[in-house]
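# Notes for the structure review
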Amino acid sequence: MEEIWNGLVKALQLIFTFDPEVMQVAWLSIRVAVTSVLIASIICLPLGSLIHFNNFRGKRVLISIIQTFYSVPTVTVGLFVFILFSNKGPLGGLDILFTPTVMVIGQVILVLPILTGLTITGLNGVDKTITDTARSLGASNWQTATAIIREARFAVTAAVILAFGRAISEVGLALMVGGNIRGFTRVLTTAISLETSKGDIELSLALGIILIFIALVVNIVMNRIQQRQ
Amino acid sequence: MAFIETINLGQRREGRDILKGVNLTVERGEVHALIGPTGAGKTTLLRLIDMLDRPNTGKLLINGVDVSMSEKTKLETRRRMAFVLQKPVVFNLSVYDNVAYGLKWRGFNRNQIHERVCGILETVDLGKYSKRNARTLSGGEMQRVAIARAIAINPEILLLDEPSANLDPVSAARIEDLIRKIIKQSAITVIMATHDMEQGQRLADKISVFIDGEIVQTGNAHEIFASPRNREVAEFVGMENIIDGVVVSNEGNMAAINVHGKTIEAITEFGVGEKVSVCIRPEDVTVALARMPSSARNSLAGMISWTAFSGPLCRIEIDCGFPLVALVTKKSAEEMGLKKGTQVYGTVKAVSIHIIARH
């Protein structure tokens, strides 16, 4: 109990004294997670819509596969990205292993299924009468799709929040492809892992509290956006 | 050339024929009601006319043009129509944005949209709710938003699918008033589905009766309600007395029909020996305690077998060899002391009786 209390006090100290190292680690965590979720959103929202609005053979199977990948272990994605970008890998020539860039790529892959799948679920949740009403009002196929996406915006925003949560809280991938290099690729989760293994529980707890705090702020911001919608 | 024409339109779903070769013609400016029981195929036909679904057979002509020619023709034609669904459907947006949606899709500019939307919201009496999210409104208000959204685009054709069916009586009456106002103010062509035959009678120029995926009869309200073509139509339009009989004589279309041993006189072209059904509306039966001298050709003696009061009216069934239902005012029933077991005479004029063939 005392450790938790001390962790809380230390977290507040680190936040309010703007500890440069903690700030740098926290900022990188936010930057990597936000960038990857943004990129994933740009890919997944049209991709999810494309799958939802088109009928093709194997659509159900494809959706099932996407949903299966919701729970893909982060270390599996990490391993895949590591192989891809290691010196001997097909993309090794890019020489971006152990950089924030490859961490972003890894997180994009990690959240792709969840964001695509939940976009499809969100669009599925829009009542068919909305589609009929849009079409009966003279909407073209594109205008109908836009109207439906607009109707599903709450579900889509929730999917984005969930994807951000998965991205900022993952540790396996960041460790494997980022390498936890101090001042370069160290993020909150990898720092917590390292400090715990070194026995500095208080600092780990403080970093954990900061991580939760960031997640809380992002959630509040997204909820505000949702309410304004 | 009719403005709207469906030729042999058929729709099959899950092995069942929902529409069986429907031929419907609607003239420009006409208000045409499709009446029939739930599940008869009215909504399916409206959806095909609005091209929301593709028919299995037949085609749809608007102004003589086959609309199934291309997707472009479909979209262009659909943009001349508006469809109000049975369930009030609104987008999860403000009332203003809901009404503006169709105009935005047609490329109207902001000022034009503002002017049009504000005007229409006043017409449907929702001006004060323009900024409110449409999903927070009551069912009746939502349906008014849906109607406003439909008429905002100035459609040539308005399709209404039981627009007041799911509403409370007050909201339903308000929606009907609104529809009447729209019909009066514009030369719009309206096709409305309703299972409320009285609503069809009140609003429509022409009525088509839909039974089991087919149009069984088309005509004006008087033709449909006074002269139903067959037993199904007769039952649907409220002919409570449909009694089977056989024509025993016919002189100059004045026929005598044997009904359960009693003779009923009616005007019909059916010949001697033909099996018919005698249709009598309950409101056309006059009830008296004694046989009264009158010009009415049919006076049937019997005993009241039940009475049922409903508001200012009383429905009574007279057992005169066959059950004959009559409708009298509650006041008359009380003054005459009509109750179960009372001996009465049910009198019906020959001209009030409609005869249909019995199959």
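Residues numbered from 1 in each chain as written. Chains lettered and ligands numbered in written order. Predicted model: local features only at pLDDT ≥ 70, side-chain atom pairs only at ≥ 80, totals over all residues.

## Quick look at the overall build of chain A
Within chain A one finds eleven helices and zero strands. Counted from the first residue to the last, chain A has its helices and strands arranged as α-α-α-α-α-α-α-α-α-α-α. Taken across its 229 residues, chain A has 38% of its residues classed as buried. Sequence-distant contacts in chain A: of pairs separated by 6 or more residues, those separated by 24 or more amount to 76%. (Helix = DSSP H or I, 4+ residues; strand = E, 2+ residues; numbered from the N terminus. Buried ≥ 20, exposed ≤ 12 C-beta atoms within 10 Å, placed from the backbone. Contact = placed C-beta atoms within 7 Å.)

## Section: the overall build of chain B
In terms of helices and strands, chain B carries ten helices and 20 strands. With the C-alpha coordinates aligned to their principal axes, the bounding extent of chain B is approximately 75 × 45 × 35 Å. Sequence-distant contacts, at least 24 apart, represent 65% of the contacts inside chain B between residues at least 6 apart.

## Description of the interface of chain B and chain A
Taken together, the contacts link 18 residues of chain B with 13 residues of chain A. Those elements giving two or more residues to the side of chain B that touches chain A turn out to be α2 (71-78), β6 (81-84) and α3 (95-105) of chain B. Looking at the side of chain B that touches chain A, the element that brings in the most residues is α3 of chain B, giving three residues. Of the residues in the side of chain B that touches chain A, the class split is ten nonpolar, two polar and six charged. (Nonpolar A, V, L, I, M, F, W, Y, C, P; charged D, E, K, R; others polar.)

## Considerations on the sheet that holds strand β12 (residues 254-259) of chain B
Residues and elements named next belong to chain B. The sheet built from five strands is open, its strands ordered β13-β12-β11-β14-β20 with antiparallel pairing. Where the open sheet ends on each side, the last strands, each with one partner, are β13 (262-267) and β20 (354-357). For this sheet, the mean inter-axis angle between neighbouring strands, taken without regard to orientation, is 45°. The sheet contact formed by β12 and β13 spans six bridges and is antiparallel. By the bridge assignment, isoleucine 257 is partnered in β13 with isoleucine 264. (Pairing = 2+ DSSP bridges. Axes fitted to C-alpha atoms, helices over the stretch in contact; angles between N-to-C directions.)

## A look at unusual backbone geometry
Backbone geometry at phenylalanine 18 of chain A places phi at a positive 50°, although glycine is not the residue there. Inspection of the secondary structure assignment puts phenylalanine 18 of chain A in the loop between α1 (2-16) and α2 (20-53). Non-glycine residue glutamate 14 of chain B carries a positive phi angle of around 50°. Among the structural elements, glutamate 14 of chain B can be located in the loop between β1 (4-13) and β2 (16-26).

## Regarding the environment of arginine 202 of chain B
Residue and element names in this part refer to chain B. Within the fold, arginine 202 resides in helix α7 (residues 197-203). With 14 C-beta atoms counted inside 10 Å, the residue arginine 202 sits in the partly exposed group. On a C-alpha basis, the gap between arginine 202 and valine 190 in space is 14 Å, while along the polypeptide they are twelve residues apart.

## Topic: the packing of helix α4 (residues 110-123) of chain B against helix α5 (residues 139-152) of chain B
Residue and element names in this part refer to chain B. α5 packs onto α4 with a crossing angle of 135° between their chain directions and a minimal axis gap of 10 Å. Comparing the axis directions of α4 and α5 gives the class oblique. Here α4 and α5 pass one another in a crossing that is right-handed. Every residue of α5 that contacts α4 at Arg116, Val117, Ile120 and Leu121 is listed here: Ala148, Ile151 and Ala152. (Parallel < 35°, antiparallel > 145°, perpendicular 65-115°, else oblique. Left-handed = near helix turned anticlockwise from the far one by under 90°.)

## A few points about the nonpolar core
Ranked by internal contacts, the top residues of the largest apolar core, which has 157 residues, are Val111, Leu115 and Ala163 of chain A together with Val99, Ala148 and Val278 of chain B. Among the elements that make up this core, the one with the highest residue count is helix α5 (residues 100-124) of chain A (13 residues). Filtering out sequence-adjacent residues up to four positions away, valine 99 of chain B remains in contact with Val117, Ile120, Leu121, Val145, Ala148, Arg149 and Ala152 of chain B. (Core = buried A, V, L, I, M, F, W, Y, C linked by C-beta atoms within 7 Å.)

## Quick notes on the environment of threonine 77 of chain B
Residue and element names in this part refer to chain B. Along the chain, threonine 77 falls in helix α2. A tally of 22 C-beta atoms within 10 Å means that threonine 77 is categorised as buried. Residues threonine 77 and asparagine 220 lie 143 residues apart in sequence; the distance between their C-alpha atoms is 28 Å. When sequence neighbours within four positions are dropped, the list of residues in contact with threonine 77 reads Met51, Ile62 and Val67.

## Topic: the sheet that holds strand β4 (residues 57-62) of chain B
Residue and element names in this part refer to chain B. Reading across from one edge, β2-β1-β4-β5 is the order of the four strands in this open sheet, with antiparallel pairing throughout. Two strands bound the open sheet, and with one partner strand each, they are β2 and β5 (65-66). One ladder, built from seven bridges, connects β1 with β2; its direction is antiparallel. The residue bridging leucine 9 from the neighbouring strand is valine 22, located in β2.

## A few points about the environment of threonine 35 of chain A
With respect to the helices, strands and loops of the structure, threonine 35 of chain A is situated in helix α2. The exposure class of threonine 35 of chain A is partly exposed, given the 17 C-beta atoms found within 10 Å.

## Let's talk about the confidence of the model for chain B
Residues and elements named next belong to chain B. Here chain B averages 91 in pLDDT, while 100% of its residues score no lower than 70. Ranking the elements of chain B by mean pLDDT puts α7 last, at 85, and helix α1 (residues 42-49) first, at 95. Interface confidence for the predicted complex, expressed as ipTM, amounts to 0.79; the pTM equals 0.78. (pLDDT = per-residue confidence, 0-100.)

## Structural notes on the packing of α3 of chain B against α5 of chain B
Residues and elements named next belong to chain B. For the pair α3 and α5, interaxial distance at closest approach is 8 Å and the crossing angle is 30°. The angle between α3 and α5 places the two elements in the roughly parallel class. Regarding α3 and α5, the two cross each other, and that crossing is right-handed. Residue-level contacts link Val95, Asn98, Val99, Tyr101, Gly102 and Leu103 of α3 to Val145, Ala148, Arg149 and Ala152 of α5.

## Comments concerning α2 of chain A
In this model α2 of chain A runs 48 Å from its N-terminal to its C-terminal C-alpha over 34 residues, within 8% of the 50 Å that 1.5 Å per residue would give. Its axis deflected by about 30° at serine 41 of chain A, α2 of chain A carries its strongest bend there. (Expected span 1.5 Å × (residues − 1). Bend = angle between axes of the 7 residues up to and from the residue.)

## Focus: the pairing of strand β17 (residues 313-319) of chain B
Residue and element names in this part refer to chain B. Summarising the sheet, strand β16 (residues 298-310) and β17 pair through seven bridges and their orientation is antiparallel. Each residue of the ladder has a partner; that of alanine 308, found in β17, is arginine 315. The turn joining β16 and β17, which pair antiparallel and follow one another in sequence, is formed by two residues; a positive phi near 60° is taken by glycine 311. Bridge analysis of β17 against strand β18 (residues 323-329) gives seven bridges, and the strand direction is antiparallel. Considered in β18, the bridge of isoleucine 316 is made with alanine 326. With antiparallel pairing between neighbouring strands as the criterion, β17 and β18 make up a hairpin whose turn holds three residues, including glycine 321 at a positive phi of roughly 95°.

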